[in-house]
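# Architecture at a glance
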Amino acid sequence: MERRGRSNMKGMRLLVWLALVMLMAACASMGRPEGGTRDIDPPKFLHSDPAPGSRNVNKTKLTAYFDENIQLEDAFNKVVVSPPQKQTAKVTANGHRLYVDLGDSLKANTTYTIDFADAIKDLNEGNILDGFAIDFSTGSTLDSLRISGMVLQAENLEPAQGMLVGVYSNLSDTALTTLPLERIARTNQLGQFTIRNLAPGQYRVFAINDVNHDNHWDRSEDIAFFDELVVPSMENINVTDTLYSSTGEDSLVTHGGVRYLPNDILLTWFNENYKPHYLADYKRPERRKFTITLGAPADTLPTITIVDGAPGAGRKVEEWALMHANPGKDSLEYWIADPEVLAADSLRLAVTYQKNDSLDRPVWTTDTLRFFFKDKKEKKEKKKKKKEDEEPRFIVDSITGDTTFLPPADMEYLQVSIRGGSQDLNKPVTIETNLPLASLDTAAIHLETFVDSVWKPLPVRLRPDTLNPLLRRFIDYKWEPGEKYRVVVDSLAATSIYGPWNKAVSAELNAKKLEEYSNLKIELPGTDSINAIVEVLTSSDAPAYRSFKPAGTSVVNIELINPGTYYLRLVNDANGNGKWDTGNVADSIQPEEVFYFAKKIDLKANWDVEQVWDIYELPIDLQKPYAIKKNKPKLKRGEKAPQDETDEDEDAPWGGGMNQGFGGNNRNNSRPGFGGRPARL
């Protein structure tokens, strides 16, 4: 009996052991546990010391607590204290805590706001806590009014990110340039702002790109201003929230709330293009050329004279150099033509130019500048070989006795370039040289067309490029679609101011066919009374084609457009000068209005496209397509960027179906209209 008992005990132990092994094996075969749903919520504020809305506060340090670990992004530029402090607040984060050291002593009976904009985000997923702020008062009352809005760049409707927005209760015209803004905030990634804790009263609202961090505007900084005085207010409203139970059922709950007004201020920033007059740079990058760069555009060119001790002393620059200036006359390029001056390694020039004095007025001043250039030393063997190569050679015919001149083996030729290949029907041919021209024999320049296997001559109409007449010429011609052309420049046709002539050069051109282009007709209802500039933009937001629409019409035709994806911009050209004009603060002149068509336009070869565009249909901040925005907000992890739509995308979730469509017609009527349907009117 005892022996059988021991045997049964061993069997039971074996069974228990096998059960444990099987249980462990079953556990081992289970899949890896998942991490759960992704965290998409920003950090939650729990409490702070001092608490939001506290009164009679007298300490300059604040600690805030959150429900998870946090981090700060660019706190130096994003976090602002209002009213502005003389010292920049120190803002740090550690774990769940946020620390603020204001540094400065606090003003009595003043409401303070620490606005963190979008600087706070959680440590793991980077979810941003946008618009978070803490307020407190050093007195017994807490100012609580707010104004909100958005800042966009006037010229291209880009959201202004991180721009300083503030107010003045001092309505003097000099407050903007002499006093710091009284209460401030910064724009977030969307260009939105909220100025908090305002006292009742009237305010002027400004946005500035405060480069030097002095909290007021300097004339060289970007600025936006609101045309009217702003009176902040608040109103009681009913707010409806959706609550979800543990079972997933939802219910609506209505409770009282507050709306702060105004909440829709639109500011469009610009730069007055004010630049102080000064000498920015001067150099002699090569022996033949020297450059002068001025700090601001000028109405009058500087006076330049060779000073005593240098070759040609006393001679003005017009006597020994050719000048090329940009349209603003602030970037000047001088080609030295006189051999004696050219040979000098060092030039001392008296340059008289405009410079701002202590009162910021442009006055004429003269500086003596040294322009130095020295050729690199060559080895003796190279010099000897170079001298042999530079010697001219002559060949005498033994029968006729005629002498033929051969140029030196290493003779420098004037380089002439002609761009060949595909030729746009609405553009000229460009002839460009690497050195300023002294002479150009138009009889030695030929334009030919290929007809019946023979090159036939055509009349040549040559004109200088007004932006660079020293180096560039245009050949204008009404190109026949699909025809083949050739441009020939004979040798010796052109001579530079340094003597070298050109070798013969030619280029063949193939004029494009009409079927390779698209034409665009744009109907602009409600714009009959304004002058407008309509631009067809590339995906980089750069104008590819433009047309001027005078008052009295609401239709623009832009022809011969190369196929591709484009966007549209319209400038309300108030003064009719054919360009976008900036604003002026002193005269309360806003920059000219700009509008964008909210969708892309796909233009196909051999298509005529008609587009109806109501420029006032959408709010300004919703007009610019996401694809061509440069200041895009950062996307959350896993979030996809919005996609542009054409009019085909009526049911698209973002931006679709909100504009009147545009239809198209194949010019040879071989296929249906664009998108398979006519334009909707």
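Below or above, wherever it landed, is the structure these notes cover. The structure displayed is predicted, hence computed values, not measured ones.

## Describing the overall build of the protein
The number of helices and strands found in the protein is five helices and 48 strands. For the protein, buried positions account for 40% of its 681 residues. Of the roughly 37900 Å² that the protein leaves accessible, carbon and sulfur atoms contribute 50%.

## Things to note about unusual backbone geometry
A cis geometry characterises the amide bond from Asp49 onward to Pro50, with omega recorded as 0 degrees. Take Pro50: it is sitting in the loop between strand 1 (45-49) and strand 2 (61-66). Cis peptide bonds are those with omega within 30 degrees of zero, and the linkage from Leu261 to Pro262 qualifies with -5 degrees. Relative to the helices and strands, Pro262 is located in the loop between strand 18 (250-261) and strand 19 (265-269). Look at Leu492: it is not a glycine, yet its phi comes out positive at around 70 degrees. One can find Leu492 in the loop between strand 37 (484-489) and strand 38 (494-496). On the basis of relative accessible area, Leu492 is assigned to the exposed category, the value being 53%. For Ser588, which is not a glycine, the phi torsion comes out positive at approximately 55 degrees. With respect to the helices and strands, the residue Ser588 is situated in the loop between strand 44 (564-572) and strand 45 (594-596).

## Thoughts on the nonpolar core
Core analysis: the biggest nonpolar cluster contains 52 residues, and Phe290, Ile292, Trp320 and Leu349 have the highest contact counts within it. Those residues in contact with Leu349, other than ones at most four positions away along the chain, are Phe290, Ile304, Thr305, Ile306, Val307, Trp320, Asp367, Thr368, Leu369 and Phe371. Among the nonpolar cores identified, the runner-up in size contains 23 residues, and Ala75, Leu106, Tyr112 and Phe136 belong to it.

## Brief notes about the pairing of strand 42 (residues 543-549)
One ladder, built from six bridges, connects strand 41 (residues 532-537) with strand 42; its direction is antiparallel. Its bridge partner being in strand 42, Glu535 is matched across the sheet by Arg546.

## Here's the deal with the sheet that holds strand 24 (residues 331-336)
Strand order in this open sheet of four strands is 20-21-24-23, and the pairing throughout is antiparallel. Among the strands making up the open sheet, the edge pair consists of strand 20 (279-286) and strand 23 (321-325). The average angle at which neighbouring strand axes cross in this sheet is 20 degrees, direction not considered. Sheet topology note: the strand 21 (residues 289-294)/strand 24 ladder contains five bridges and is antiparallel. When the bridges of strand 24 are listed, Thr291 appears paired with Glu333.

## Regarding the side chain of Lys289
Tracing the chain through its elements places Lys289 in strand 21. Of note is the side chain of Lys289, whose polar atom sits 3.4 Å from the side chain of Glu333. Ignoring sequence-local partners within four residues, the contact set of Lys289 consists of Arg284, Glu333, Tyr334 and Trp335.

## A closer look at the packing of aromatic side chains
Within the structure shown, the criterion is met by 18 aromatic pairs. Ring centres 6.2 Å apart and planes at 70 degrees place the aromatic pair Tyr545 and Tyr566 in the edge-to-face group. Of this pair, Tyr545 sits in strand 42 while Tyr566 sits in strand 44, and the two are 21 residues apart along the sequence. Its relative accessible area of 15% is what places Tyr545 among the buried residues. Judged by its relative accessible area of 9%, Tyr566 falls in the buried class. Arg288 extends its terminal NZ or CZ atom over the ring of Tyr498, reaching a point 4.5 Å from the ring centre. Its end group placed over the ring of Trp607, Lys604 keeps NZ or CZ at 5.9 Å from the ring centre.

Thresholds applied
- Residues numbered from 1 in each chain as written.
- Predicted model: local features only at pLDDT ≥ 70, side-chain atom pairs only at ≥ 80, totals over all residues.
- Heavy atoms only, no water.
- Helix = DSSP H or I, 4+ residues; strand = E, 2+ residues; numbered from the N terminus.
- Buried < 20%, exposed > 50% of the residue type's maximum accessible area, 1.4 Å probe, protein only.
- Areas by Shrake-Rupley, 256 points an atom, 1.4 Å probe, with all protein chains shown as cover.
- Core = buried A, V, L, I, M, F, W, Y, C linked by side-chain atoms within 4.5 Å.
- Contact = heavy atoms within 4.5 Å.
- Pairing = 2+ DSSP bridges.
- Axes fitted to C-alpha atoms, helices over the stretch in contact; angles between N-to-C directions.
- Polar contact = N/O pair within 3.5 Å; in protein donor to acceptor, adjacent residues only side chain to side chain.
- Phe/Tyr/Trp six-rings, centres within 6.5 Å; stacked < 30°, edge-to-face > 60°.
- Lys NZ or Arg CZ within 6 Å of the ring centre and 35° of its normal.

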